[in-house]
Structures are given as structure tokens and as C-alpha cells.
Amino acid sequence: AQSVTQPDIHITVSEGASLELRCNYSYGATPYLFWYVQSPGQGLQLLLKYFSGDTLVQGIKGFEAEFKRSQSSFNLRKPSVHWSDAAEYFCAVGGTGTASKLTFGTGTRLQVTL
Amino acid sequence: DTGVSQDPRHKITKRGQNVTFRCDPISEHNRLYWYRQTLGQGPEFLTYFQNEAQLEKSRLLSDRFSAERPKGSFSTLEIQRTEQGDSAMYLCASSPNSGGTDTQYFGPGTRLTVL
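Because the structure is a prediction, the values reported are computed rather than measured.

Residue and element names in this part refer to chain B. Taking strand neighbours across the sheet as the criterion, the four strands line up as 1-3-8-7 in an open arrangement whose pairing is antiparallel. In this open sheet, the two edge strands, each paired with only one partner strand, are strand 1 (5-7) and strand 7 (65-68). This sheet shows a mean twist of 15 degrees between the axes of neighbouring strands, independent of strand direction. Relative to strand 3 (residues 19-24), strand 1 runs antiparallel, the two sharing three bridges. Bridging from a neighbouring strand, Gln6 pairs with Cys23 of strand 3.

All names here are of chain A. Checked against the element boundaries, Ile60 lands in the loop between strand 7 (56-58) and strand 8 (64-68). For the pair Ile60 and Tyr50, spaced 10 residues apart in the sequence, the C-alpha separation amounts to 13 Å. Setting aside residues no more than four positions away along its own chain, Ile60 makes contact with Gln45, Leu46 and Leu47.

Before going further, it helps to spend a moment on the pairing of strand 6 (residues 44-50) of chain A. Residues and elements named next belong to chain A. For strand 6, a buried count of five out of seven residues is recorded, marking the element as mostly surrounded by other parts of the structure. Where strand 5 (residues 32-38) lies against strand 6, six bridges are found, and the strand directions are antiparallel. Looking at the pairing, Phe34 lines up with Lys49 of strand 6. In this antiparallel pair of consecutive strands, strand 5 and strand 6, the connection spans five residues, and Gly41 shows a positive phi of 70 degrees.

Rules used throughout
- Residues numbered from 1 in each chain as written.
- Chains lettered and ligands numbered in written order.
- Predicted model: local features only at pLDDT ≥ 70, side-chain atom pairs only at ≥ 80, totals over all residues.
- Heavy atoms only, no water.
- Pairing = 2+ DSSP bridges.
- Helix = DSSP H or I, 4+ residues; strand = E, 2+ residues; numbered from the N terminus.
- Axes fitted to C-alpha atoms, helices over the stretch in contact; angles between N-to-C directions.
- Contact = heavy atoms within 4.5 Å.
- Buried < 20%, exposed > 50% of the residue type's maximum accessible area, 1.4 Å probe, protein only.

Here it is in C-alpha cells:
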């Protein structure tokens, strides 16, 4: 069964500081990996995705993530955080089978201090 | 560009009542998913449609839950005899049919509170 672990429940960073959110997945084959962001009371917005190819993927809002098969990780990074980045971030894994559902981690809440 | 829409955005109901939620996917998206998100958790898969066919249901979807997508466009999720444990955010997502795992685009969700 596929699963996702986000070890950090809550992270606080200062505005302008760099950010890394951790994500570890478990999946028996090549996974499809996603990062979504959710603002309070809102739905999920896709930040970026990895299907194949270059293991460093770029997303919206200046985010990037690196797929590391050997570590079963897909960590999200941003070089300089803005106060508007405060939100909940979810990592998700989908399979390469037909029409696969997504399995989400429990999320990391990001707080940005000014 | 019209995204996924859900109605209502909020629903408060008393235990034992029936509720129905609607989801309108992105136009021409063949796949439609329902997820449930409880406080402090990530979304959990409930069910999925390919056009009008319901192809997969989670064991989370008890007999009190039913979902339909009658014409392969919008979908409804009904919960009968609601319980307090049904209180959650219900998220709908849609994706194009490009084979395998597509990118899923989510709606704003319907927050259900069962008193």
C-alpha cells in the first residue's frame, strides 16, 4: 500500500529565510509525486508534480522539489519565504496504474514570522 | 478558466439528517474524485468516477454514503443519517483522462458540521 510521511507537523521560519519541507513516501513502483498548498478553509492548490525525467522540478510561487529515489523522498524547498506562504502543505503520492487515487501525508503547517 | 466548483461551501445539520453536496468539475475532465479531510489530517480518498461510471470506492465510504455522476458531468455526494463523525471538509477534484495518474485539480470544498 502506498503511504506518505511528513515528519514535521509545524514549522516556523522568518520571512526571507530558506525553507525545506520533508516528505517521504512508500510505493512499490515508480511513484507520481505532488505537493499541494492549502490556505485556511480553502481547497488544495497544486504547487508542483513529478512524473518522470529531471528529478528537480520547478513549481509555482518559486517552489521547487527534488525526487530522490534512494531516500524515497520528495522534499519541497524555497530559497526565500514570503509572509504569504504561510499555509498548510501536503505531499501526495499516486501510482502508475490506471486513474490512481492520491494518498496524502498529514501535512506541515508553515508559519512565517516578520 | 473555470476551476472545480462545489456547493454549498458550508453545511450545518443535525445528527440524523440527510445532506447532499454537489461538485462541478473542470469542463471536459473525465475523471472526478471525492476526498474527505478531517481536522489536522490530509485528504483521504472516498470514491472516483470515470465519466458516469463509479470505478472505485474506499472502505471509508460506508453504506450511508452514496455518490453519483449521472451524465458524466457534475457529481453529487449524499450522506444519509448523518453522524457527528461525518463532520469534515469534503473535497472534490477532477482530472483529464490522459492515462495513469493525472494531475488532480481540487475545488474549494464543502465543510460539513453535524451537531
